[in-house]
Amino acid sequence: MHDLTTDQSVRILDSLPCYVTLMDRRLRVLWSNDAAHRDFGDPLGKTCYELFRVRGDKCSECLVEQSFQDGAIHNKEMTLVTAEGDRIDVLVYSSPVRGDNGEIASVVETAVNISSVKEMQKQLILLGQTVAGLAHGLKNIMMGLDGGIYVVNRGLQDKNQAEVREGWEMVLFNFDKISKIVKDILYCSKDREPNIQEVQPNSVIREVSDLFRETARGYGITLQLDLDEEVTHAEMDPDGLHSVITNLVANAIDACKMDLWKDEHLIEIRSRKGADGSVTIEVADNGTGIDRDTKDQIFEDFFSSKGDKGTGLGLMVTQKIMKEHGGSITFRSRPGQGTTFTAKFPHRET
Amino acid sequence: MAKKILVIDDEPHVVKYITAFLEDSGYDTCSASNGEEGIEVLKKEKPDLVTLDLQMPGDTGTRFYRNMTKSKEFKDVPVIVISGIPGRHLAVSKPVAVFEKPIDRDALLDAVKKSLGE
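S.K.: I'm lost on the overall build of chain A in this one. Help?
M.R.: Helix and strand counts for chain A stand at ten helices and twelve strands. Across the 350 residues that make up chain A, the buried fraction comes to 29%. Considering only contacts in chain A between residues 6 or more positions apart, those separated by 24 or more positions represent 59%.

S.K.: Mind showing me how you'd approach the packing of helix α8 (residues 238–257) of chain A against helix α10 (residues 314–324) of chain A here?
M.R.: When two helices pack together, their arrangement is captured by the angle between the axes and the distance separating the axes. Residue and element names in this part refer to chain A. Orientation of α8 relative to α10, taken along the N-to-C sense of each, is 145 degrees, at an axis distance of 9 Å. Of the two elements, α8 crosses α10, and the hand of that crossing is left-handed. Across the interface between the two elements, Gly240, Ser243, Val244, Asn247, Leu248, Ala250 and Asn251 from α8 touch Gly314, Leu315, Val317, Thr318, Ile321, Met322 and Glu324 from α10. Here the residues of the contact of α8 with α10 are counted per class, giving seven nonpolar, six polar and one charged.

S.K.: Sorry if this is basic, but what is going on with the nonpolar core here?
M.R.: Note on soluble globular proteins: their nonpolar side chains tend to be buried together. One finds Ile245(A), Leu248(A), Val249(A), Ala252(A), Ile253(A), Ile267(A) and Val283(A) to be the most contacted residues of the largest nonpolar core, which totals 32 residues. Elements supplying a minimum of two residues to this core: α7 (201–218), β7 (221–226), β8 (234–236), α8, β9 (265–273), β10 (279–285), α10 and β12 (338–345) of chain A. Core analysis: the second largest hydrophobic core is formed by 31 residues, Tyr17(B), Tyr27(B), Ile103(B) and Val112(B) among them.

S.K.: Help me understand the packing of α7(A) against α8(A) in this model?
M.R.: All names here are of chain A. Between α7 and α8, the shortest axis-to-axis distance is 10 Å and the interhelical angle comes to 35 degrees. Two packed elements cross with a definite hand, and for α7 against α8 that hand is right-handed. Together, Pro201, Val204, Ile205, Val208, Phe212, Thr215 and Ala216 of α7 and Pro238, Leu241, His242, Ile245, Thr246, Val249 and Ile253 of α8 make up the contact between the two elements. Considering only residue class, the contact of α7 with α8 consists of eleven nonpolar, three polar and no charged.

S.K.: How should unusual backbone geometry be read in this particular structure?
M.R.: Peptide bonds are trans in most cases, and residues, glycine excluded, mostly fall at negative phi. Between Lys101(B) and the following residue, Pro102(B), the backbone shows a cis peptide bond with an omega angle of -5 degrees. Position of Pro102(B) relative to the elements: it lies in the loop between β5 (97–100) and α4 (105–115). A positive phi angle, near 70 degrees, is found at Leu27(A), a position not held by glycine. Locating Leu27(A) in the fold gives a position in the loop between β1 (19–23) and β2 (29–32).

S.K.: Explain the interface of chain A and chain B here, please?
M.R.: Note on interface size: it is often stated as the accessible area lost on association of the parts. The interface of chain A with chain B comprises 19 residues on the first partner and 17 residues on the second. Taken together, the elements giving at least two residues each to the side of chain A that touches chain B come down to α5 (115–157) and α6 (161–189) of chain A. Here the side of chain A that touches chain B gets eleven residues from one element, more than from any other, and that element is α5(A).

S.K.: For this particular structure, what's the right way to read α10(A)?
M.R.: The periodicity of an α-helix, 3.6 residues per turn, causes residues three or four places apart in sequence to face the same way. Residues and elements named next belong to chain A. Of the positions making up α10, those classed as buried are Gly314, Leu315, Met316, Val317, Thr318, Lys320 and Ile321. Elements in contact with the buried residues of α10: α6, α8 and β11 (328–334). Following α10 by one or two positions, Gly326 adopts a phi angle in the positive range, close to 70 degrees.

S.K.: Would you mind showing me how to read the sheet that holds strand β4 (residues 87–98) of chain A here?
M.R.: Where strands meet in a sheet, backbone hydrogen bonds hold them as pairs that are either parallel or antiparallel. All names here are of chain A. If you walk across this open sheet you meet the five strands as β2-β1-β5-β4-β3, and the pairing is antiparallel. Edge positions in the sheet fall to β2 and β3 (74–81), since each has one partner strand and no second. Across this sheet, the average inter-strand angle for adjacent strands is 30 degrees, counted without regard to direction. Summarising the sheet, β3 and β4 pair through eight bridges and their orientation is antiparallel. What sits directly across from Val81, in β4, is Arg87.

S.K.: Before we go on, may I ask you to explain the sheet that holds β12(A) in this structure?
M.R.: Residue and element names in this part refer to chain A. Judged by pairing direction, the sheet is mixed, and its five strands sit side by side in the order β7-β9-β10-β12-β11 without closing on themselves. Two strands in the sheet have a free side with no partner beyond their single neighbour: β7 and β11. In this sheet, adjacent strand axes meet at a mean angle of 15 degrees when their direction is disregarded. In this structure, β9 lies alongside β10, joined through seven bridges in antiparallel fashion. From the neighbouring strand, Arg270 faces β10, where its bridge partner is Glu282. Strand contacts of α7: β7, β9 and β10, with the helix running at about 170 degrees to β7, the strand carrying the most contacts.

S.K.: Whenever I open this one, the pairing of strand β1 (residues 4–8) of chain B confuses me. Can you help?
M.R.: Consecutive side chains of a regular strand alternate in pointing toward one face of the sheet and then the other. Residues and elements named next belong to chain B. Where burial is concerned, most of β1 is hidden: four out of the five residues are buried. Across five bridges, β1 lies against strand β2 (residues 28–32) in parallel orientation. Bridged to Leu6 within β2 is Cys30. The handedness of the β1 to β2 crossover, carried by helix α1 (residues 12–24), is right-handed. As defined by bridge partners, β1 adjoins strand β3 (residues 49–53) across four bridges and the pair is classed as parallel. By the bridge assignment, Val7 is partnered in β3 with Thr51.

S.K.: Is there a simple way to think about the environment of Arg165(A) in this case?
M.R.: Residue and element names in this part refer to chain A. Residue placement: Arg165 occurs in helix α6. Arg165 sits in the partly exposed class, given 13 other C-beta atoms within 10 Å. As for Arg165 and Val152, which are separated by 13 residues in sequence, their C-alpha atoms are 7.3 Å apart.

S.K.: What is the right way to read the pairing of β10(A) from this model?
M.R.: Residues and elements named next belong to chain A. Burial of β10 is extensive: five of the seven residues sit out of reach of the surface. Inspection of the sheet shows β10 paired to β12 by seven bridges, in the antiparallel sense. Bridging across to β12, Thr280 finds its partner in Lys344.

Parameters at a glance
- Residues numbered from 1 in each chain as written.
- Chains lettered and ligands numbered in written order.
- Predicted model: local features only at pLDDT ≥ 70, side-chain atom pairs only at ≥ 80, totals over all residues.
- Helix = DSSP H or I, 4+ residues; strand = E, 2+ residues; numbered from the N terminus.
- Buried ≥ 20, exposed ≤ 12 C-beta atoms within 10 Å, placed from the backbone.
- Contact = placed C-beta atoms within 7 Å.
- Axes fitted to C-alpha atoms, helices over the stretch in contact; angles between N-to-C directions.
- Left-handed = near helix turned anticlockwise from the far one by under 90°.
- Nonpolar A, V, L, I, M, F, W, Y, C, P; charged D, E, K, R; others polar.
- Core = buried A, V, L, I, M, F, W, Y, C linked by C-beta atoms within 7 Å.
- Pairing = 2+ DSSP bridges.
- Right-handed = clockwise from strand over helix to strand, strands pointing away.

What follows is the structure, encoded as structure tokens:
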């Protein structure tokens, strides 16, 4: 091992992948390394809280002061604001630097960017909430299965075919719900390449609307189509397209079910061919609409406004599929009037 | 004469299940799919007990309860709350019993009998 020259020492400090600053007792920044200089600007004449734009005054539990006082190392998590205005989460350590006489002359701080850890933390919290949400959703489904089984048994006992059928439908309905949740979870849990094939979007739309027509009618909702015959075929993942339309129609039905103020509800599925060869699919309903608070959160992972009746997976999967296609999903909504979701698939060369 | 129970839930399957079970247990039933309808059925059928889902769209379960307890005629009709989310029953000040979904049938029947003084 060889001794470092001052020059070399400074270069090493400059190259450290974290912010290094040296402060005096009055919290003035005596020196900062390249990384700090680059992201927070010239420290000349500034205090540390000014440089890092923490706030107008010093931090409530000042690490520098603590290290000056007890000569020990301290740490905490903080949010700093860069010269460009970006907020970054950092883990800060302060450590006393002693002069030749053994007294603490200054305090050095290192701040490591932990934004990615913070992001992961957020995801984990979300995951926890999702699991709790799923458990509630499953409780409802269990109740449905319980009920279906009870009604089937009752029908068998009374030799009542109609009742057996009714009970069996309850069982199947709830079984489908479980299958869908499991499929959605699996879909979200891995990266996959879309299985691009030539599909006829209008046929997929007809297929999905046939699937939902009966359910919709049961709630007094009319399901109607407005299909552009120019949309003959497109390059898409057929399962993905099916999921997108299914999720949007299921949401539209929920929005109509929750709306108690209109006597007649209508859901319209539209297809349009763009001049650039893109295909746009819209699902419009005249249900409850989406209020402002919900609008901001609607595409967030696992977000649901439906209490124990939603899992927050539907639009999460929809958004993932649209991304995989290089497309986009947007919506416009007026509370009390209704909502229109628009999925745009860009043109794709065969 | 058999006692009559009003079942209020927005899920037709749940209504079917609970009414089927209560009928098998010897009660007459009537049902409603939201709170507004619930009030109408309440006035028409004059049930002896109500089972109420508190998580119906538009918060109509809570409103149903408020309207019911405001009326002289029905304010003492016992209410059994059936809910998927724990803690939601707090919206109802005096439920005779609270059940979480999925319900325990025997416990529900016990609660029904007790509230009807059987």
